[in-house]
Amino acid sequence: MSYDLIVYTQRERLPDPHRFVIALAAATPAVVLDEERADLRRARAGFVRVRLGDGETGFELYTAAITQQAIDDFRDDVRGSGQEMSGGNARHLAILTSCDTTLTLVAKDELGATAARAVARVLARLTEGHLTDPQTGVTTRPSDETP
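In this report, the structure presented in the accompanying data block is examined. Source: prediction; values computed, not measured. All residue numbers refer to positions counted from 1 along the written sequence of the respective chain. Owing to the predicted nature of the model, reporting of local features is limited to residues with pLDDT of at least 70; listing and counting of side-chain atom pairs is limited to 80 or more, with chain, interface and lining totals taken over all residues. In computing side-chain values, all of the structure's heavy atoms are included and hydrogens and water are not.

1. Overview of the overall build of the protein
Think of it this way: any DSSP run of H or I at least four residues long counts as a helix, any run of E at least two long counts as a strand, and we number them from the N terminus. The helix and strand tally for the protein stands at four helices and seven strands. Walking the protein from its N terminus toward its C terminus, one meets helices and strands in the order β-α-β-β-β-α-α-β-α-β-β. C-alpha atoms define the radius of gyration, and 2.2 Å times the number of residues to the power 0.38 defines the globule rule. Here the protein has a C-alpha radius of gyration of 15 Å; the compact-globule value for 147 residues is 15 Å, and the two agree. For the C-alpha atoms alone, the extent of the protein along its principal axes is close to 50 × 30 × 30 Å. Exposure was quantified through the Shrake-Rupley algorithm and a 1.4 Å probe, taking into account, for residues, occlusion by the shown protein chains and nothing else. Put simply, the protein shows about 8000 Å² of open surface, and 49% of that area lies on carbon and sulfur atoms. Positive charges are assigned to Lys and Arg, negative charges to Asp and Glu, while His and the chain termini are left out of the count. One atom stands in for each charge, and that atom is NZ of Lys, CZ of Arg, CG of Asp or CD of Glu. Taking the average location of the 17 positive side-chain charges in the protein and that of its 22 negative ones, the two points are 3 Å from each other.

2. Quick word on helix α1 (residues 17-26)
An α-helical segment advances 3.6 residues per turn. Residues three or four places apart therefore align on the same side. Burial classification: accessible surface area is computed with a 1.4 Å probe over protein chains only, and a residue below 20% of its type maximum counts as buried, one above 50% as exposed, and the rest as partly exposed. Considered for burial, the residues of α1 that qualify are P17, F20, V21, A23 and L24. Buried residues in α1, looked at end-on, bunch into an arc of 165°, giving them a common side. Note on contacts: a residue pair qualifies if any of its non-hydrogen atoms lie within 4.5 Å across the two residues. For α1, the elements touching its buried residues are β2 (31-32) and α4 (110-127). Definition of a polar contact: a pair of N or O atoms within 3.5 Å, with one able to donate and the other able to accept a hydrogen when the atoms are protein atoms, and with sequence-neighbouring residues admitted only if both atoms are side-chain atoms. Near the N-terminus of α1, the side chain that reaches the backbone nitrogen of H18, with its oxygen 3.1 Å away, is that of D16. Here, the arc refers to the directions that run from the helix axis to the C-beta atoms.

3. Some words on the packing of α1 against α4
Packing of α1 against α4 leaves a shortest axis separation of 10 Å and a crossing angle of 125°. Taken together, α1 and α4 sit at an angle that is classed as oblique. The handedness of the crossing between α1 and α4 comes out as right-handed. The segment α1 lies against α4, with R19, F20, A23 and L24 engaging A118, V119, V122, L123, R125 and L126. Nonpolar residues are Ala, Val, Leu, Ile, Met, Phe, Trp, Tyr, Cys and Pro. Charged residues are Asp, Glu, Lys and Arg, and all others, Gly as well, are polar. The class makeup of the residues in the contact of α1 with α4 is eight nonpolar, no polar and two charged. Under this scheme, a helix contributes an axis fitted over its contacting stretch, all axes are lines through C-alpha atoms, and angles between N-to-C directions fall in the 0 to 180 degree range. An angle below 35 degrees is treated as roughly parallel, one above 145 as roughly antiparallel, one from 65 to 115 as roughly perpendicular, and anything else as oblique. Should the near helix be turned counterclockwise from the far one by less than a right angle, the crossing is left-handed, whereas a clockwise turn marks it as right-handed.

4. Notes on the side chain of N89
Mapped onto the fold, N89 is located in helix α3 (residues 87-98). Overall, N89 belongs to the buried group, its relative accessible area being 17%. Not counting residues within four places of it along the chain, the set of residues in contact with N89 comprises F74, V78, Q83 and E84.

5. Details of the nonpolar core
Take the buried Ala, Val, Leu, Ile, Met, Phe, Trp, Tyr and Cys residues and link them wherever side-chain atoms come within 4.5 Å; each set so joined is a nonpolar core. With 33 residues, the main nonpolar core has V7, F20, L40, F59 and L105 as its most contacted residues. At the level of elements, β1 (3-9), α1, β3 (45-52), β4 (55-65), β5 (101-107) and α4 are the ones that each hand at least two residues to this core. Among the elements that line this core, the one with the most residues is α4, at 10 residues. In this structure F20 touches P15, L33, A38, L40, V119, V122, L123 and L126, once residues within four positions along its chain are discounted.

6. Some details on the environment of I66
Here I66 shows up in the loop between β4 and α2 (68-80). The spacing of I66 and T101 is 35 residues in sequence and 5.3 Å in space, taken between C-alpha atoms. Beyond its immediate sequence surroundings of up to four residues, I66 is in contact with Y8, I71, L96, C99, D100, T101 and T102.

7. Things to note about the sheet that holds β3
Pairs of strands are assigned from DSSP output, requiring at least two bridges between the strands. Sheet architecture is open: seven strands sit in the order β2-β3-β4-β5-β1-β6-β7, paired in antiparallel fashion. Both outer strands of the open sheet, β2 and β7 (138-140), are each paired with one neighbouring strand and no more. Two elements, β4 and β5, share six bridges in a ladder whose sense is antiparallel. By the bridge assignment for β5, T63 is matched with L103.

Written out as C-alpha cells, the structure reads:
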C-alpha cells in the first residue's frame, strides 16, 4: 500500500522550522517532528520520521518546483484527452499557475498515512496552499476551513 498526498504552495510561504514543529504538536492528531528535519525550505527528498501518539512512523517527502513545462504539459493532457478546461481541470490549472512548489508525502502503511495527512493538512494551512488527495480526487484549501 502506498498513500500519497500533495501540497501545492509558494516556496516563500514555507514555515520556519520552529513554527512548523509547534503547529504539528497542536494538530489533531498531534505529530512530533524533530526541528532539524522540519526545515522544508532545504528539504528535497527523503524519509521523514515522526512520532504519532505512542508510535514512531514516517513517510517519504519529495519537493519539486512547478515549472512552466509542467503547466503546459497539463494543458496538453487536457486537450489531448478531449476534455474541456473547465470544472476540476480549470481549478487544477489555477492551482498550478498560482503556486510554484509541490510537496508530495508518500506513506507506506496506515500509521504513516495518518501522520502524513496531519502533516500535509498543517503545511497547507500554514502556507495557504492546496492539499490534494490523489486517491480520492479531493482538493481542499485548509486555510479557508473553520478550525
